Structure formats: C-alpha cells, structure tokens
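# Inside the fold
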Amino acid sequence: MRYRVVDVFTDRPLAGNALCVVLDPCPEERMQAIARETNLSETTFVTDRGEGTYSMRIFTPGTELPFAGHPTLGTAWVMGPGRWTQHTAGGPIPVTVDERGAEMTQPDPEVTEAGDGGVPEALGVDRVLGAWRAAAAGNAHLVVAVDAPLDTLRPDPEAARELLDRHATTTLGLVHRLDATTLQVRVFFRAAGIAEDPGTGSAAGPIGVLARRLWDLEPDLLIRQGDEIGRPCRIRVHAEPGDLRVAGGVVLAAEGRFAL
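A brief look at the structure comes next. Since the structure is predicted, the reported quantities are computational estimates derived from the model, not experimental observations.

Moving on, we come to the overall build of the protein chain. Helices and strands together make up the secondary structure of the protein chain, namely five helices and 17 strands. In terms of overall dimensions, the protein chain is globule-like: its C-alpha atoms have a radius of gyration of 17 Å, near the 18 Å expected for 260 residues. Over its C-alpha atoms, taken along the principal directions, the protein chain stretches across nearly 50 × 35 × 30 Å. Burial status across the protein chain gives 55% buried among its 260 residues. If you take every contact in the protein chain between residues at least 6 apart in sequence, the share linking residues at least 24 apart comes to 58%.

Okay, the packing of aromatic side chains next. Geometrically, a pair of aromatic rings is defined through the distance of the ring centres and the angle of the planes. What the rule picks out here adds up to three aromatic pairs. Ring geometry for phenylalanine 45 and phenylalanine 59: centres 5.7 Å apart, planes at 85°, overall edge-to-face. Here phenylalanine 45, found in strand E3 (residues 42-50), pairs with phenylalanine 59, found in strand E4 (residues 53-59); they are 14 residues apart in sequence, far enough to count as distant.

A separate point is helix H4 (residues 157-167). Note that an α-helix has 3.6 residues per turn; residues three or four places apart therefore point the same way. Here H4 has its buried residues at Ala160, Leu163, Leu164 and His167. Projected down its long axis, H4 carries its buried residues within an arc of 95°, all on one side. Exposed and oriented more than 90 degrees from the buried face of H4 are Asp165 and Arg166. Buried residues along H4 sit against helix H3 (119-123), strand E10 (130-136), strand E11 (139-145) and strand E12 (171-177). In the stretch just after H4, alanine 168 is the one whose phi turns positive, near 55°.

Let us look at the environment of leucine 23. Position of leucine 23 among the secondary structure elements: in the loop between strand E2 (17-22) and helix H1 (28-38). Of the residues examined, leucine 23 reaches a relative accessible area of 19% and is grouped as buried. Each C-alpha atom of the pair leucine 23 and tryptophan 215 lies 42 Å from the other, and the pair is 192 residues apart in sequence. Those residues in contact with leucine 23 that lie beyond four places of it in its chain are Arg2, Arg4, Val46, Val78 and Met79.

With that settled, consider helix H5 (residues 201-215). The end-to-end C-alpha distance of H5 is 21 Å, a good match for the 21 Å that 15 residues give at a rise of 1.5 Å each. In terms of residue burial, H5 counts as a mostly covered element, since 11 of its 15 residues are buried. Regarding H5, the residues found buried are Gly201, Ser202, Ala203, Ala204, Gly205, Pro206, Ile207, Gly208, Leu210, Ala211 and Trp215. Within two residues after H5, aspartate 216 carries a phi angle of roughly 55°, on the positive side.

Mapped onto the fold, glycine 90 is located in the loop between strand E6 (82-88) and strand E7 (91-98). C-alpha separation for the pair glycine 90 and serine 202, spaced 112 residues apart in sequence, amounts to 11 Å.

Quick look at the pairing of E11 now. The two faces of the sheet receive side chains in turn, since in a regular strand these alternate between them. Within E11, seven of the seven residues are buried, which leaves it mostly tucked inside the rest of the structure. Side chains Asn139, His141, Val143 and Ala145 of E11 all project onto a buried face; the interleaved residues Ala140, Leu142 and Val144 project onto the opposite face, where all are buried too. Turn length for the E10-E11 hairpin, with the two strands adjacent in sequence and antiparallel, is two residues, and the turn residue alanine 137 shows positive phi of about 55°. With five bridges connecting them, E11 and E12 associate as parallel partners. What sits directly across from leucine 142, in E12, is leucine 172. The handedness of the E11 to E12 crossover, carried by H4, is right-handed.

What follows is about the nonpolar core. One finds Val95, Val175, Leu183, Ile207, Ile223 and Val237 to be the most contacted residues of the largest nonpolar core, which totals 50 residues. With six residues, H5 is the single largest residue contributor to this core. Non-local contacts of isoleucine 207, meaning those with residues more than four positions away in its chain, are made with Val143, Val175, Leu183, Val185 and Ile223. Core analysis: the next-biggest nonpolar cluster, separate from the first, contains 18 residues, Leu123, Val146, Leu150 and Leu163 among them.

What you tend to see is this: most non-glycine residues have negative phi, and most peptide bonds are trans. Phi at leucine 14 is positive, roughly 70°, even though this residue is not glycine. Mapped onto the secondary structure, leucine 14 falls in the loop between strand E1 (2-8) and E2. Among the residues examined, leucine 14 registers a relative accessible area of 66% and is labelled exposed. Its identity is not glycine, yet alanine 137 carries a phi of approximately 55°, on the positive side.

Analysis parameters
Residues numbered from 1 in each chain as written. Predicted model: local features only at pLDDT ≥ 70, side-chain atom pairs only at ≥ 80, totals over all residues. Heavy atoms only, no water. Helix = DSSP H or I, 4+ residues; strand = E, 2+ residues; numbered from the N terminus. Rg over C-alpha atoms; globule rule 2.2 N^0.38 Å. Buried < 20%, exposed > 50% of the residue type's maximum accessible area, 1.4 Å probe, protein only. Contact = heavy atoms within 4.5 Å. Phe/Tyr/Trp six-rings, centres within 6.5 Å; stacked < 30°, edge-to-face > 60°. Arc of directions from axis to C-beta. Expected span 1.5 Å × (residues − 1). Pairing = 2+ DSSP bridges. Right-handed = clockwise from strand over helix to strand, strands pointing away. Core = buried A, V, L, I, M, F, W, Y, C linked by side-chain atoms within 4.5 Å.

This is the structure in structure tokens:
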C-alpha cells in the first residue's frame, strides 16, 4: 500500500503537523494498527475516489475520528490541485487545493457557554477570560481564552481530563490574543497517544469565531500553534458566519509503501 507523509500548516518539511495518507485500499481491520505504526497524530485512508470527490477515514494512534482539520487539508493536497468534496463520518467538507496548500470550508460551530468552574485550577492560572463548548462536524472542543502567554502554561493532565469529560469534548484549546490579527493557541488532545497537538484545524475555525466575539477582531486571523513542542504551525482562518474557512501550507516530507 502506497503512502505519503505530508507536513501541514507549514511551508517546509519537518515542521507543521505531520500526516500519513494511505493511498491504496486498506483492509478495515488493519487501519488502526497502521495508525499505531506511523505514530503520528493522524493517519488517513482514502476509501473511494471520484470526479472532484473522495471518501476517507481518519485514525489517531488510539481511535478513529469523524473529522479532523489537518488530515482534511493534507489528504486533499495529496489528491491534487482543484476543488474537492471530502466525505467522512463527520459529513461533507469542501476543500480547495493549489500547489502550496489547501483551504477548507467548515460548518458553523454550535457554541455554548461552558463556565469557568475548575478551569483556572486545571490550567494553573488565576483567571480565564471565558470558556465555551464549540461543536461541529462530529467533534466538540472546550475553548478557553486567557490573558497570559501560553508558553508558560502547564495544564494539570488529570484536571484537564475531568474538564473534557464534564463537557463531553475531545480537546482542550487555549487561546491568547497576540495582536489585532494574531492568536497564540495550544490544544491538548485526549485521544490515546497524543498529549499536545501541533496544529488543530478542526478547532481553528471555532477558535476564530470565539476570538472575534471576545476581542472584536477582524474576520481574517492567523493562528500560531505548535511552537512550544517544536512543530510550528501557521493556520489562516476567515471567521464569518456562513463563511468559515481554515487554510494552511502543505509540503511533502516522505513517501513509500507498507509491506503488508
């Protein structure tokens, strides 16, 4: 089975968020084992391809996801330039691809106030600016805005898991405003094997929506993520109701075959 490893949300190899895309048909019972073998945050399996459309499945080293952002952009980029409709368990996602990267249109998130009970203690800060549950395309994120730089934060793992369980979310996303157009973001992911995600496209759209609401920002934003773990990602977000788009660069890092 042929595969390619691409780095997403970057313009150079060995940065951004790495993704393995398996191009040839793979037996369903081997998908999770292959994702464990690659040990990347996600591995995708293209299950069907047609004119301007394809279907795929997304696995972390420990579980299957209905939708994820950097796998969407990276897999579409591997499919080639043009306009694609991607189909996963989370629903159809339009993606536009060129030689340098890809842009996807996300559904508007369903946002509810989460309250700050237990949140400052879990993050080790005195206060937070707000906390929300944002759900879209089968995923739910707990998004917390803070006024402290994120590179110094060390969330308590057990307290963070309790927060995620309480709000029925898969990720804890922290956001800090750097300036009028730039956000610093860190995302902690509870799926097996992943402690902190370098670049989280599925959360980037909701984070952009909430940041605009909190800080009265313009719709075009840049998210800086992954610097703290040595995988810098730069995620572009256009955050308007009914027109929520997430984009980033994609580069090829490796390719080969699974000898199975």
